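So the chains spell out like this:
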Amino acid sequence: MKKKTMILLFSLSGLFLILCALTFRPISNPQKDECSLLQGKLAKIKSDPKTKDIYLRLEDVDRHLYINRGLEKGLTEDRLKKLIGENVSLYVVNHWTLLDPQSKTGHVSQVEHAEEILYTEFH
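Now for a quick tour of the structure. (Residues numbered from 1 in each chain as written. Predicted model: local features only at pLDDT ≥ 70, side-chain atom pairs only at ≥ 80, totals over all residues. Heavy atoms only, no water.)

1. Description of the nonpolar core
Then, in step 1: In terms of nonpolar packing, the biggest core is built from 19 residues, with Leu58, Leu65, Ile67, Leu90 and Val108 touching the most fellow members.
Then, in step 2: Those elements that place two or more of their residues in this core are strand 1 (35–48), strand 2 (53–58), strand 3 (64–67), strand 4 (87–93), strand 5 (105–113) and strand 6 (116–120).
Then, in step 3: Once you skip the residues sitting within four places of it in the chain, Leu65 turns out to touch Leu38, Ile54, Tyr55, Leu56, Leu58, Leu90, Val92, Gly106 and Val108. (Core = buried A, V, L, I, M, F, W, Y, C linked by side-chain atoms within 4.5 Å. Buried < 20%, exposed > 50% of the residue type's maximum accessible area, 1.4 Å probe, protein only. Helix = DSSP H or I, 4+ residues; strand = E, 2+ residues; numbered from the N terminus. Contact = heavy atoms within 4.5 Å.)

Following this line, the structure appears as structure tokens:
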């Protein structure tokens, strides 16, 4: 009985570690082929000076999109606010996590407007 209990505990511990790794893995060096393209009219822009993140909303898209540390990377809320009502293309990283299993939150890796790249993390 003790051997079965030890195997069960070991298996559950391993499963827990795998779930933690999948849940808390960072997004680093995203590539275009790892992203989904979202296109639409930019409806809202908001930034958070504390986290330096920039939050974006597209019309008719029910996702919370953000540019991680966008304010540190040279973007400004005022520059992007000029695009409200304009069509933009956003490349959003395909990143599943247990904290967001339906992928309602998306990390934006590239912003394009009128074929001009305004922001990119692609190298």
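Structure shown, so let's carry the discussion forward.
2. A few points about the pairing of strand 1
Then, in step 1: Pairing of strand 1 with strand 4 involves seven bridges; the strand directions are antiparallel. Bridge pairing in strand 4 links Ser36 to Val92.
Then, in step 2: Pairing between strand 1 and strand 2: six bridges, direction antiparallel. When the sheet's bridge partners are listed, Lys46 is paired in strand 2 with Tyr55.
Then, in step 3: Counted along the chain from strand 1 to the antiparallel partner strand 2, the turn is four residues long, and its residue Lys52 has a positive phi close to 70 degrees. (Pairing = 2+ DSSP bridges.)

3. Quick word on the side chain of His113
Then, in step 1: Within the element layout of this structure, His113 appears in strand 5.
Then, in step 2: Here His113 falls in the buried class, since its relative accessible area comes to 18%.
Then, in step 3: At a separation of 3.4 Å, a polar atom in the side chain of His113 contacts the side chain of Glu86.
Then, in step 4: Not counting residues up to four positions away in its chain, the partners in contact with His113 are Leu83, Glu86, Asn87, Val88 and Leu118. (Polar contact = N/O pair within 3.5 Å; in protein donor to acceptor, adjacent residues only side chain to side chain.)

4. Concerning the pairing of strand 3
Then, in step 1: Relative to strand 3, strand 2 runs antiparallel, the two being bridged by three bridges. In the strand pairing of strand 3, Leu56 is matched with Leu65.
Then, in step 2: If you look at the hairpin formed by strand 2 and strand 3, you'll find five residues sitting between the two strands, and Asp60 has a positive phi there, around 60 degrees.
Then, in step 3: Both strand 3 and strand 5 contribute to a ladder of three bridges, which runs parallel. Each bridged residue has a counterpart across the sheet, and for His64 the counterpart in strand 5 is Thr105.

5. Some thoughts on unusual backbone geometry
With the exception of glycine, the majority of residues adopt a negative phi angle, and the majority of peptide bonds are in the trans configuration.
Then, in step 1: Even without being a glycine, Lys52 presents a positive backbone phi close to 70 degrees.
Then, in step 2: Within the secondary structure, Lys52 is located in the loop between strand 1 and strand 2.
Then, in step 3: Residue Lys52 is classed as partly exposed on the basis of its relative accessible area of 30%.
Then, in step 4: Here Asp60, not a glycine, exhibits a phi torsion of approximately 60 degrees, which is positive.

6. Here we look at the pattern of salt bridges
Then, in step 1: This model, assessed by the stated rule, comprises four salt bridges.
Then, in step 2: Its salt-bridge partner being Lys81, residue Glu77 comes within 3.1 Å of it at the nearest N-O pair. Of this pair, Glu77 and Lys81 both sit in helix 2 (residues 77–81), separated by four residues, roughly a single helical turn.
Then, in step 3: Judged by relative accessible area, which is 21%, Glu77 ranks as partly exposed. (Salt bridge = Lys/Arg side-chain N within 4 Å of Asp/Glu carboxyl O.)

So far we have only geometry, and geometry alone does not tell us how the molecule works.
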